[in-house]
Structure formats: C-alpha cells, structure tokens
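Results of the structural survey
The lines below spell out each chain.
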Amino acid sequence: MKPKSFWNERYVLKNYVYGSDPNEFVKTALSTLNNGRVLFPLEGEGRNACYAAQKNFVVDAFDYAEQGKYKALQLFERNNVKVNYSIETADDFDYGIEKYDAIFLIFAHLPPKNRVKMHQKISKALKKGGYLFMEVFHPNQLDEKYTSGGPQTIDMLYDEALLVGDFQGLEIVKAEEKEIELNEGKYHQGKAFVTHFIAKK
C-alpha cells in the first residue's frame, strides 16, 4: 500500500490527477438506483462522490490523504454540493451497520489483510437490499500492454473469484473480467483490464 505521503504528493498537482468527471461505471450504476445514502471509500479527489451528490444522493466519503480532501472540497464547492468527507484509513473508518443503500469501491485497492477487513465491514454496512458496486484492476493489468495505472503487485489486484470469496454473504448480481478503455485524468489513460462486480445484500 502506498504511504500517505505518496498520495499527498500526487494530489498536490493543480489538475485532478484522475480527472474531475465521474467514472463511467459509477455513472451507470447510480442511474439504476433510487436516491439514498451512499459511501465512497478511498475517494481521493472526490469526483465520484461529487457526481452522486449532484444526483441528490446523501454521500459519505473518506480517504487518508489530506490533499485529496482539500481538492475534493474545492470540487464540491464549485458544484454547490454537500458531501460528508472524512480523513481516515480503511481500517479506522466507522462503516456502521446496515447504514448504506449502496457502496462504491472504485479502484480501491488494499493489501490482503486490510482488504479482507474492509470488505467484511462493507458487507455489514449495507442495508438489506443495498448494493455493492466495484470496478477494480484485475491481475491481467500487470501485462506490459496495460499502462493505464493500478497497483504493480499481484496481491493488490482482484479477480472475480477473489471477490466472490470476500463477499460470500451477498447475492452476486454481476461479475465480469474485461478489457476497457480508461480516460480519467493523467494516471488512468488507455487500455485496462478490470473486474466489474455488483452484489446485493
């Protein structure tokens, strides 16, 4: 896992390093939901949380890089939206019990120990009938033809089998591994191999 200093140095750039527009998978997912309370863990500069708030969701988000929150708050102010954004680690954030109508894990990659702990808390944090949406880099992303970002260690990349195992208590709605084209700021550009995972409590 990259240290906080790595992310603060990345986010100090004036431009939004993954863009200020929402992730396409997030846009599609939100269009399928009724308004409710949603959570964006490891949300960085806030682009997806901002979009959800624009769509009249009640939005919570967190990250552990202060510079990410600083940029996110600027984005929220420019778009005249309110997001509850806190500075916390994935281990320390209080996810609550049956609190969220949907939780989005968008390129939210952690080492195995931290990942399992967060995924367990997320399962409990979903309301009955709530949805988990994930777009994450697949182990195939390590192939040299994929230069669009993501962790460079295989234990921080997620395939379908791993996610099915982590979320055994949820009903799997969709799980697919696919090549996509990313166009998200400086650090997510070009072909990528991802896992899309949707589950319901």
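What you see is a predicted model, and the numbers here were worked out from it, not measured in a lab. (Residues numbered from 1 in each chain as written. Predicted model: local features only at pLDDT ≥ 70, side-chain atom pairs only at ≥ 80, totals over all residues. Heavy atoms only, no water.)

**Focus on the nonpolar core**
Basically, it comes down to this: We call a set of buried Ala, Val, Leu, Ile, Met, Phe, Trp, Tyr and Cys residues a nonpolar core when their side-chain atoms join them within 4.5 Å. For every residue, the accessible area obtained with a 1.4 Å probe (protein chains only) is divided by the maximum for its type, and the residue is called buried under 20%, exposed over 50%, and partly exposed between those limits. Only runs of H or I of at least four residues qualify as helices and only runs of E of at least two qualify as strands under DSSP, and these elements are numbered from the N terminus. Any two residues whose heavy atoms approach within 4.5 Å are treated as being in contact.
Core analysis: the biggest nonpolar cluster contains 34 residues, and Phe40, Val59 and Phe104 have the highest contact counts within it. With five residues, the top contributor of residues to this core is helix H3 (residues 47–54). Leave out the neighbours within four places in its chain, and Val59 touches Val38, Phe40, Ala49, Ala52, Ala53, Val83 and Asn84.

**Quick word on the layout of surface pockets**
Rules: Grid points spaced at 1 Å and placed over the protein atoms alone form the basis of the search, with a cavity being a set where a 1.4 Å probe fits but cannot get out and a pocket an open set showing protein on both sides within 12 Å along at least five of seven lines. Lining residues have an atom within 4 Å of a point. Grid points are joined across faces, edges and corners, and a volume is the space filled by probe spheres set on the points. Charged residues are taken to be Asp, Glu, Lys and Arg, nonpolar residues to be Ala, Val, Leu, Ile, Met, Phe, Trp, Tyr, Cys and Pro, and polar residues to be all remaining types, Gly included.
Looking at the largest pocket, its volume works out to about 840 Å³. Looking at the lining of the largest pocket, the elements that each hand over two or more residues are helix H1 (4–11), H3 and strand E4 (100–106). Residue contributions to the lining of the largest pocket peak at four residues, all from H1. A breakdown of the residues in the lining of the largest pocket according to their chemical character gives 19 nonpolar, 12 polar and seven charged. Its volume calculated, the second largest pocket comes out at about 260 Å³. Pro22, Asn23, Glu24, Asn183 and Glu184 are the residues nearest the centre of the second largest pocket, which is lined by 18 residues in total. Within the residue set of the lining of the second largest pocket, elements represented by two or more residues are helix H2 (24–30) and strand E6 (171–184). Ranked by the residues each element gives to the lining of the second largest pocket, the list is headed by E6, at five residues. In terms of residue class, the lining of the second largest pocket is made up of five nonpolar, seven polar and six charged.

**Remarks on helix H4 (residues 66–78)**
What counts, and what does not: Take the residue count of a helix, subtract one, and multiply by 1.5 Å to get its expected span. It is the directions from the helix axis to the C-beta atoms that the arc portrays.
The terminal C-alpha atoms of H4, which comprises 13 residues, lie 19 Å apart, in line with the 18 Å expected from a rise of 1.5 Å per residue. Restricting attention to buried positions, one finds in H4 the residues Gly68, Lys71, Ala72, Leu75 and Phe76. Looking straight down H4, one finds its buried side chains confined to an arc of 140°; they lie on one side. Across H4 from its buried face, at more than 90 degrees, point the exposed residues Glu77 and Arg78. Those residues of H4 that are buried are in contact with H1, H3 and strand E3 (84–87). A positive backbone phi angle near 55° is found at Asn80, which sits one or two residues after H4.

**Remarks on the pattern of salt bridges**
We count it as follows: Any Lys or Arg side-chain nitrogen found within 4 Å of a carboxyl oxygen on Asp or Glu counts as a salt bridge.
One pass over the structure, following the stated rule, counts 12 salt bridges. The partner of Glu66 in a salt bridge is Lys4, and the shortest N-O contact between them spans 3.0 Å. Of this pair, Glu66 sits in helix H4 while Lys4 sits in helix H1; the two residues are 62 residues apart in sequence, bridging distant segments of the chain. One salt bridge in this structure joins Glu181 and Lys191, with 3.6 Å as the shortest N-O distance. Linking Glu181 in strand E6 with Lys191 in strand E7 (residues 188–200), this pair joins segments that are 10 residues apart in sequence. Since its relative accessible area comes to 42%, Lys191 is described here as partly exposed.

**Quick word on the environment of Ala29**
Turning to its location among the elements, Ala29 is positioned in helix H2. A C-alpha to C-alpha distance of 12 Å links Ala29 and Val173, two positions 144 residues apart in sequence. Setting aside chain neighbours within four positions, we find Ala29 in contact with Phe104 and Phe133.

**Overview of the pairing of E4**
Under the convention used in this document: Paired strands, in this sense, are two strands between which DSSP finds at least two bridges. Crossovers are described as right-handed under a simple rule: with the strands pointing away from the observer, the path leading from the first strand over the helix to the second runs clockwise.
Most of E4 sits out of view: six of its seven residues are buried. By the bridge criterion, two bridges tie strand E1 (residues 37–40) to E4 in an arrangement that is parallel. Opposite Val38, over in E4, you have Ala102 as the bridge partner. Sheet topology note: the E4/strand E5 (residues 126–137) ladder contains six bridges and is parallel. By the bridge assignment for E5, Ala102 is matched with Tyr131. Taken together, E4, helix H5 (residues 112–125) and E5 form a β-α-β motif whose crossover is right-handed.

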